[in-house]
Amino acid sequence: MAVLVEEPPVRTAATPPGPVRRSRAVGTARGSFPTFAIPALVWYGLFMIGPVAAMIVIAFLSWPGMLVSPTFAGLDNFRVLFSDETFWAAVRNSTIQIVVGLPIMIVLAFLLAFHVVQKPRGHRVLRYLLFIPALISAPATAMMFYAMLNPDGLVNGVLETLGIGGKAWLADPATALGALIVVDLWAGIGYSAVLIASRLDGVDTEVVQAARMDGAGSWRLAWGVYWPIARDFIGVVAMLQFLSMLFSSAQNVLLLTQGGPGTATTTLSYLVYQKAFVDTDLGYSQAVGVVLFVLGLAGMFVIRRVLRKTH
């Protein structure tokens, strides 16, 4: 009885080696990836791209209220916008808020994060304490700062004991915007420090030890070792805080000053709210929104260029 024996396949010169089969498997996996991404892409299209497109469309409409039928206005909203003194006051206030507040926030957050990663006594508790401002709601934060900054508040009480006259900090055009910047710093420094510390924890200990052996002190170690290594990540944190200050300033303005006194604290974000919900001028409001969108993109590009790590 003859027994048939199956011989193994003979590999010829034209036969591709084993990695070809692996590349086919990878290609199959890559081909199936969009299937898993469809829910995320649909969500992104509906709730991210859709509102941006709607904002741009509404910016070209004359729409005096949700119950009124809109009409096409062309560039009229932008003509009114760029000739409006309130708009330019809002641009100035938002610029001051970001140019002054953001660098202070990032530098202080980095130094605080550097202190945390040196593992001082109680550093684990400190990480939790730094998160507290992020856990407090905006109305509660506004109430706390209002109690501190009003004419009979804590700040003026401390100044009077030192023989220094107090102020109506939120009602004085010279100090109202600065008070809002202080609120932003209080809310953002701790949160940013926790994020940056998570990146600094990954710095190679051998690099740190080598720097210390070369005689590097804490200041040189922070700016000469940790900062260059974490610069890219710090840039991401800076972009997040930039967007928060640019787009979310309306809540603090609404709760503390309502844009006043005059237009001293009117920011672009608050102007969008005011024109949409108070003046019911939806076209003008979304024209400001388009300007905000463009400024947001430009600001992220600038921050990325400034803090990009050079290789």
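Preceding this paragraph is the structure being described.
Residues numbered from 1 in each chain as written. Predicted model: local features only at pLDDT ≥ 70, side-chain atom pairs only at ≥ 80, totals over all residues. Heavy atoms only, no water.

> Before we go on, may I ask you to explain the overall build of the chain in this structure?
Within the chain, the secondary structure is distributed over 13 helices and 2 strands. Going through the 311 residues of the chain one by one, you find that 37% of them count as buried. Residue pairs at least 24 apart in sequence account for 69% of intrachain contacts in the chain once pairs closer than 6 positions are excluded. (Helix = DSSP H or I, 4+ residues; strand = E, 2+ residues; numbered from the N terminus. Buried < 20%, exposed > 50% of the residue type's maximum accessible area, 1.4 Å probe, protein only. Contact = heavy atoms within 4.5 Å.)

> Is there a simple way to explain the packing of aromatic side chains in this structure?
Each aromatic ring pair is summarised here by two numbers: the centre-to-centre distance and the angle between the ring planes. Evaluated as defined, the whole model comprises 14 aromatic pairs. Aromatic pair Phe60 and Phe78: ring centres 5.5 Å apart, planes at 50°, arrangement tilted. On the criterion of sequence distance, the pair formed by Phe60 in the loop between helix 1 (19–58) and strand 1 (61–62) and Phe78 in helix 2 (residues 76–82) is long-range, its members being 18 residues apart. The interplanar angle of 80° and the centroid separation of 5.6 Å between the aromatic rings of Phe131 and Tyr191 together place this pair among those described as edge-to-face. Here the residue Phe131 occupies a position in the loop between helix 4 (123–130) and helix 5 (132–135), and Tyr191 occupies one in helix 8 (residues 176–200), the gap between them amounting to 60 residues. We classify Tyr191 as partly exposed; its relative accessible area is 32%. Of the aromatic side chains, those joined through ring pairs into one cluster are Phe110, Trp219, Trp223 and Trp227. Lying across the ring of Tyr284, Lys275 places its NZ or CZ 4.7 Å from the centre. (Phe/Tyr/Trp six-rings, centres within 6.5 Å; stacked < 30°, edge-to-face > 60°. Lys NZ or Arg CZ within 6 Å of the ring centre and 35° of its normal.)

> When you look at the nonpolar core in this model, what are you seeing that I'm missing?
Note that soluble globular proteins tend to have their nonpolar side chains buried in a common cluster. Counting 54 residues, the largest nonpolar core has Leu81, Phe87, Phe110, Ile196, Leu200, Tyr226 and Ile234 as its most contacted members. At the level of elements, helix 2, helix 3 (85–117), helix 8, helix 9 (205–213), helix 10 (218–247), helix 12 (268–278) and helix 13 (282–307) are the ones that each hand at least two residues to this core. Counting residues in hydrophobic clusters, the runner-up holds 11 residues, among them Phe145, Ala250, Val253 and Leu256. (Core = buried A, V, L, I, M, F, W, Y, C linked by side-chain atoms within 4.5 Å.)

> Looking at this structure, I do not really get the environment of Asp76. What am I missing?
By secondary structure assignment, the location of Asp76 is in helix 2. Relative accessible area serves as the criterion here: at 39%, Asp76 is assigned to the partly exposed category. Sequence separation of Asp76 and Ala287 is 211 residues, and the distance between their C-alpha atoms is 9.8 Å.

> How should I be thinking about the side chain of Asn150 in this particular structure?
Secondary-structure assignment places Asn150 in the loop between helix 6 (138–149) and helix 7 (154–161). The buried category is assigned to Asn150, whose relative accessible area is 16%. A distance of 2.8 Å separates a polar side-chain atom of Asn150 from the backbone nitrogen of Asp152. (Polar contact = N/O pair within 3.5 Å; in protein donor to acceptor, adjacent residues only side chain to side chain.)

> It is not clear to me how a nonpolar patch on the surface should be interpreted in this structure. Could you clarify?
On the surface, Ile38, Val42, Trp43, Tyr44, Leu46, Phe47, Met48 and Ile49 cluster together into a nonpolar patch covering about 850 Å² of accessible area. Following the sequence through the fold, Leu46 ends up in helix 1. Judged by relative accessible area, which is 56%, Leu46 ranks as exposed. (Patch = residues over 30% accessible without salt bridge, like charges linked within 9 Å, V, L, I, M, F, W, Y side chains within 5 Å. Areas by Shrake-Rupley, 256 points an atom, 1.4 Å probe, with all protein chains shown as cover. Salt bridge = Lys/Arg side-chain N within 4 Å of Asp/Glu carboxyl O.)

> Hey, could you run me through the packing of helix 12 against helix 13 in this one?
Each pair of packed helices can be summarised by the angle the axes make with each other and by the distance between the axes. Running from N to C, helix 12 and helix 13 cross one another at 160°; their axes reach a closest spacing of 8 Å. With respect to helix 13, the axis of helix 12 lies roughly antiparallel. Crossing angle aside, the handedness with which helix 12 passes helix 13 is left-handed. Across the interface between the two elements, Leu268, Ser269, Leu271, Val272, Lys275 and Ala276 of helix 12 pack against Leu282, Tyr284, Ser285, Gln286, Val288, Gly289, Leu292 and Leu295 of helix 13. (Axes fitted to C-alpha atoms, helices over the stretch in contact; angles between N-to-C directions. Parallel < 35°, antiparallel > 145°, perpendicular 65-115°, else oblique. Left-handed = near helix turned anticlockwise from the far one by under 90°.)

> I keep staring at the packing of helix 9 against helix 10 and nothing clicks. Help me out?
Running from N to C, helix 9 and helix 10 point in directions that differ by 145°, and their axes come no closer than 11 Å. In terms of crossing hand, the pair formed by helix 9 and helix 10 is right-handed. Of helix 10, the residues touching helix 9 (which contributes Val207, Val208, Ala211 and Arg212) are Leu221, Val225 and Tyr226. Considering only residue class, the contact of helix 9 with helix 10 consists of 6 nonpolar, no polar and 1 charged. (Nonpolar A, V, L, I, M, F, W, Y, C, P; charged D, E, K, R; others polar.)

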